[in-house]
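Fold and geometry: a report
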Amino acid sequence: MHNPALSPQGAKDRRRGLRRGRRALALPVAALALSGCTLPGFGASPGDTTSSKSVFHLWQWFSVGAVIIGLLVVVLMLWSIVMHRRKGDAIPVQTQYHLPLEVIYTVVPILIVFGLFAATLVVENKEVANPKTSVIVDVNAFQWGWEFLYPGHNALVYGQTTQNPEMVIPSNENVHINLTSTDVIHGFYVHDFNFSRYALPGVTNQFTLRATNNGVFSGQCTQLCGLYHSLMYFRVKVVSPADYQAWLDSFNNKQDAIKAQAAAASLQQELATGVASKPAYTKFGR
Amino acid sequence: MTDVLEPSHVEHADHVHDEHHGPSGLVKWLTTTDHKIIGLSYTVTAVVLFVVGGLFAEIIRFQLASPNGTLVTLAQYNELFTMHGSVMIYLFAGPFAFGALANIIVPIQIGAPDMAFPRLNALSYWLYLGGSITMLSGFFTAGGAANFGWVGYAPLSNSLNSPGAGADLWIGGLLLTGFSAIFTGVNLCATVFYLRAPGMTMFRMPIFTWNLLVTAILILLAFPVLTAGLIMLYADRHFGTHIFSNSGGGVPVLWQHIFWFWGHPEVYILALPFFGMVTEVIAVFSKKPVFGYKGMIFATLTIAALSLGVWAHHMFTTGVVLLPFFSIMSLLIAVPTGIKMFNWIGTMWRGQIWYSTAMLMALGFLFTFLIGGLTGIYLASPPLDFFTHDTYFVVAHFHSVVMALVLGAMAGLFYWGPKFTGYLLNERLGKAQFWFLFIGTQVFTFPLYLLGLYGMSRRMAVYPNHPEWQHLNDISTAGAVMIGISTILFVVNIAYSWKKYPAGDNPWDAQTLEWFTTSPPPHHNFYRLPQIRSERPTWDYNHPEHRALHHGEHEAAPAEVNA
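A quick note: this is a predicted structure, and the numbers were derived from the prediction, not measured.

A word on the overall build of chain A
Counting its secondary structure elements, chain A contains five helices and 10 strands. Of all intrachain contacts in chain A linking residues separated by at least 6 positions in sequence, the fraction that spans at least 24 positions is 68%.

Take a look at the structure:
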């Protein structure tokens, strides 16, 4: 017992220091809690739908937790790495158990986990809710492209790989998406919406998007689907509700609709027969 | 001290050479049932396959070093990442974890003469070697190797979308290595339950052996499911069944359920042995007992139990699984994992830490695994998983974890290598290897986290729409090159240190039973055993006055110990 830190007085000092440290930490944490938006993004961004913003806040809070716990562990590790390096041939005290300490680092993480789970549930329930809406898009993924159908209208958008087919949706309205696939599993992913969902053959996945800003957002297939997976892009064009209606109406010109459908049919036939295995991008083919 | 149990017919060291009249050379290697030689074969095979998988990774990284990389074609790229993942997970990490070091060390740690079923053990190795060659031979077929990702999702893996022999060889190779794993699981369980030396109770087994026992149980629960799934997949491809295709009334997502019901326990089948390795290394090089030994075991058991109920967290974005259940189960795994982390730090706390290469590798493991573990917590939350699923964030997360396991494997090799070869490796080269591996790992993974958050998807051979991602990809490629250099340094070290530094029985003042016998151990491992009164029999024998202390206990005077 030569180490002064081991003496009861030292221990008391350390404990007092810890308490002071905790109080010092409590203030900024509380301040941050009051203004979620002032937190850094930790590499993510708020995105352009209502749920992408909730996901972003959830991301921020998970990150705050991860940084605090990570730093605590790194400091403890570095402390022992530096302070408890070998200084001689003496054999250290062979401490093996410290039950109160072990209980603390079992119970506290359980509480943290339930906190994270509660926050998860709140955001998740918001995100998977499907409120009633009149704007519906049937999204059909195939090898290797996308088809966007607007049931009840003549509108149809169809495109392969780098043709970047554009899904047009109105801003600030709930858009109900019915997602499926005609062949293998694809992934519908729009980075600016902080969201992805599988397009499964034989299953129709339903979800709701509510875009907050007008603009063009790039999307792509994220689930490996074969040769041209890397090039299976699409775009989401968010326009004002009036422009959206005008866009839909433009398809009511029968001629356009027939043309579009004919193009789609021929494309599908080419794909089925394998004639068109020469998409826009041949440079990387076998 | 007369704490040594001498058998009535005392064997002496000078009998080493005539005790075992077997063949030698190639015939010995082909016919052996000695767990140490089989384990060494596993070790060499697994390290060779690690180099093969690593070469695939380097090609992948160089392809991604520019947005329109033309090093390989799209088709070749799909084969490369499929076989990179398959080789690293199926052929390197698993067999290295429960075939290589487990085979050599577990019987010695519990004072057994060999594995319980030595011939089954030999069969395991030959199935593993045969399966590995089978899987890799896909590259020599007309259609190329398997190209549907290491997870082989249906219906991409059916005969329509993936015709060709490469896919069948992948299934066949995986079946063979799967049986190899199952047999090893049986063998490890039987060995641990029936062949422990007198005095070696369950709660005196070293953590490494405990972790391997739990791993073996997980293997027995998980691998048969994979085997069944693979047979179904093969039947779909060749016998006209429609288990995974909806055209005949099947369900494609069923494959994912089967695959991940094996796949998530597999994560811990891979990880637990390496957890065990670093636990032993940290305790020995801190000159302390494992802190919270029993808590550590319960944490391992908890991880194993939870790991069977979390498979669908790989399937959150399918939209067809119950999100909250799999979310809370997955989040809860953080608790026992955290316990392990704190136990490792507790083991180092107030120790006398000796920074040998093995210890540096173990510390590198701690740091890298911390990052991989914390980023894993995000993925247990469905909304955050929707956001990052199939992006490079996930790739970065599991590469942090598996690179931590590689650091753990290196810790194990530097620590136990001298035991089964009889020779130490060069420490200076080892430390150079450590810094390249450790820094390389962080340089490699950190940009990938950012790329994932910026929207870069997995399994893309090119990213023509996003030239701005090139810089981060280049940094990651530089990290991959550093990891490659570290592997070269390891091979150089083996060549340079070849039979140069004799190790002696116990070069590290280690604690467990394997350090009580000679290096390398004799044919049936022991001529004599110490009394086993704790999980550290060798330490107790060498330092009888320094036994482990419970909470509130103080170091006793030597007189009290003898009493």
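Quick look at helix 3 (residues 99–128) of chain A
Taking 1.5 Å of rise per residue, the 30 residues of helix 3 of chain A would be expected to cover 44 Å, and the 43 Å separating its terminal C-alpha atoms lies within 8% of that figure. For helix 3 of chain A, the full list of buried residues reads A:E102, A:P109, A:V113, A:L116, A:T120, A:V123, A:E124 and A:E127. Looking at the buried residues of helix 3 of chain A, the elements they touch are helix 2 (50–83) of chain A together with helix 8 (293–307), helix 9 (323–332), helix 10 (334–348) and helix 12 (382–388) of chain B.

A word on the domain arrangement of chain A
Residue and element names in this part refer to chain A. With domains assigned, chain A is organised as domain 1 (7–84 + 98–128) and domain 2 (135–273). With seven residues of domain 1 in contact, the opposing surface of domain 2 contributes 11 residues. When the residues that make up the side of domain 1 that touches domain 2 are grouped by side-chain class, the tally is two nonpolar, four polar and one charged.

Digging into the sheet that holds strand 8 (residues 205–209) of chain A
Residues and elements named next belong to chain A. The mixed open sheet is built from five strands, whose spatial order is 3-2-1-5-8. Here the strands that pair on one side only, and so sit at the sheet edges, are strand 3 (156–160) and strand 8. For this sheet, the mean inter-axis angle between neighbouring strands, taken without regard to orientation, is 20 degrees. Relative to strand 3, strand 2 (residues 145–149) runs antiparallel, the two being bridged by five bridges. The residue of strand 3 that forms the bridge with E147 is Y158.

Considerations on the sheet that holds strand 9 (residues 215–221) of chain A
Residues and elements named next belong to chain A. What the five strands build is an open sheet, ordered 4-10-9-6-7; its pairing is mixed. Edge positions in the sheet fall to strand 4 (166–170) and strand 7 (195–199), since each has one partner strand and no second. Going from strand to strand, the sheet's axes swing by 25 degrees on average, the running direction of each strand aside. Of the strand pairs in this sheet, strand 4 and strand 10 (residues 233–239) are connected by five bridges, and their pairing is parallel. The residue bridging I169 from the neighbouring strand is V238, located in strand 10. On the sheet, helix 4 (residues 241–251) packs against strand 4 and strand 10 and is oriented at approximately 130 degrees with respect to strand 4.

Observations regarding the interface of chain A and chain B
Between chain A and chain B, the residue contacts involve 71 residues of the former and 78 residues of the latter. Elements represented by at least two residues in the side of chain A that touches chain B include exactly helix 2, helix 3, strand 6 (186–190), strand 7 and strand 9 of chain A. It is helix 3 of chain A that contributes the most residues to the side of chain A that touches chain B, 14 residues altogether. In terms of residue class, the side of chain A that touches chain B is built from 39 nonpolar, 24 polar and eight charged.

Focus: the confidence of the model for chain B
Low-pLDDT portions of the prediction should not be read for the details of their coordinates. This prediction gives chain B a mean pLDDT of 92; 94% of its residues lie at or above 70. Predicted confidence for residues 557–563 of chain B stays below pLDDT 50, and this span has five contacts to residues more than four positions away or in other chains.

Some points on the environment of B:A65
Residue and element names in this part refer to chain B. With respect to the secondary-structure elements, A65 resides in the loop between helix 2 (35–63) and helix 3 (74–109). Residue class for A65 comes out partly exposed when judged on the 16 C-beta atoms lying within 10 Å of it. In this structure the C-alpha to C-alpha distance between A65 and T477, which are 412 residues apart in sequence, comes to 6.6 Å. If we skip the residues at most four places from it in the chain, A65 touches N473, D474 and T477.

Observations concerning the environment of B:V290
All names here are of chain B. The residue V290 is located in the loop between helix 7 (252–285) and helix 8 in this model. Residue V290 is classed as buried on the basis of its C-beta count, with 26 C-beta atoms lying within 10 Å. Measuring from C-alpha to C-alpha, the distance between V290 and E535 comes to 9.4 Å, with 245 residues separating the pair along the chain.

Things to note about helix 13 (residues 392–421) of chain B
Note: α-helices contain 3.6 residues per turn, so residues at a spacing of three or four share the same orientation. All names here are of chain B. Taking the largest bend as the criterion, helix 13 deviates by roughly 40 degrees, centred on Y415, and proline P418 comes between one and four positions later. Among the 30 residues that make up helix 13, 28 are buried, leaving the element largely enclosed by the rest of the structure. Positive phi appears at G422, one or two residues downstream of helix 13, with a value of about 90 degrees.

Brief notes about the nonpolar core
Ranked by size, the top nonpolar core spans 240 residues in total, and within it B:V281, B:M361, B:A362, B:L405, B:L407 and B:A411 carry the most contacts. Of the residues forming this core, the biggest block, 22 residues, is contributed by helix 7 of chain B. When residues of this core are assigned to domains, at least three fall in each of domain 1 (7–84 + 98–128) and domain 2 (135–273) of chain A. Setting aside residues no more than four positions away along its own chain, B:L407 makes contact with B:M361, B:G364, B:F365, B:T368, B:L437 and B:F438.

Overview of the pairing of strand 5 (residues 175–181) of chain A
Residues and elements named next belong to chain A. Every second residue of strand 5 is oriented toward a common face, the buried set being V175, I177, L179 and S181 and the non-buried set H176, N178 and T180. Sheet topology places strand 1 (residues 135–142) next to strand 5; seven bridges connect them, and they run parallel. Residue V139 lies in a different strand from strand 5, and its bridge partner there is L179.

Structural notes on the environment of B:P521
All names here are of chain B. Mapped onto the elements, P521 comes out in the loop between strand 3 (501–502) and strand 4 (529–530). In this structure, the C-alpha to C-alpha distance between P521 and A271, residues 250 residues apart in sequence, is 27 Å. Residues contacting P521, with those up to four places away along its chain left out, are K36 and I108.

Criteria and cut-off values
- In every chain, residue numbers begin from 1 and rise along the written sequence.
- Chain letters start at A and ligand numbers start at 1, both assigned in the order the entries are written.
- For this predicted model, a pLDDT threshold of at least 70 governs which residues receive local features, and a threshold of 80 or more governs which side-chain atom pairs are given and counted, while totals over whole chains, interfaces and linings are taken from all residues.
- Secondary structure follows DSSP: runs of H or I at least 4 residues long count as helices, runs of E at least 2 residues long count as strands, and numbering of each begins at the N terminus.
- For every residue pair, C-beta atoms are placed from the backbone, and the pair is scored as a contact if these atoms sit within 7 Å.
- Helix span, as expected, comes to 1.5 Å for every residue beyond the first.
- Residues are called buried when their C-beta atom has 20 or more other C-beta atoms within 10 Å, exposed when it has 12 or fewer, and partly exposed otherwise; all C-beta atoms are positioned from the backbone.
- Note that the domain bounds were set by an automatic or database domain assignment.
- Residues are sorted three ways: Asp, Glu, Lys and Arg are charged, Ala, Val, Leu, Ile, Met, Phe, Trp, Tyr, Cys and Pro are nonpolar, and all the rest, Gly among them, are polar.
- If DSSP finds at least two bridges between two strands, the strands pair.
- Helix axes use the C-alpha atoms of the stretch in contact, all axes being lines fitted to C-alpha atoms, and the angles between their N-to-C directions lie in the range 0 to 180 degrees.
- Confidence scores here are pLDDT values: one per residue, from the predictor, ranging 0 to 100.
- Given a residue, its bend is the angle between the two axes fitted to the seven residues that end at it and to the seven that start from it.
- When buried Ala, Val, Leu, Ile, Met, Phe, Trp, Tyr and Cys residues are joined through C-beta atoms within 7 Å, the set is termed a nonpolar core.

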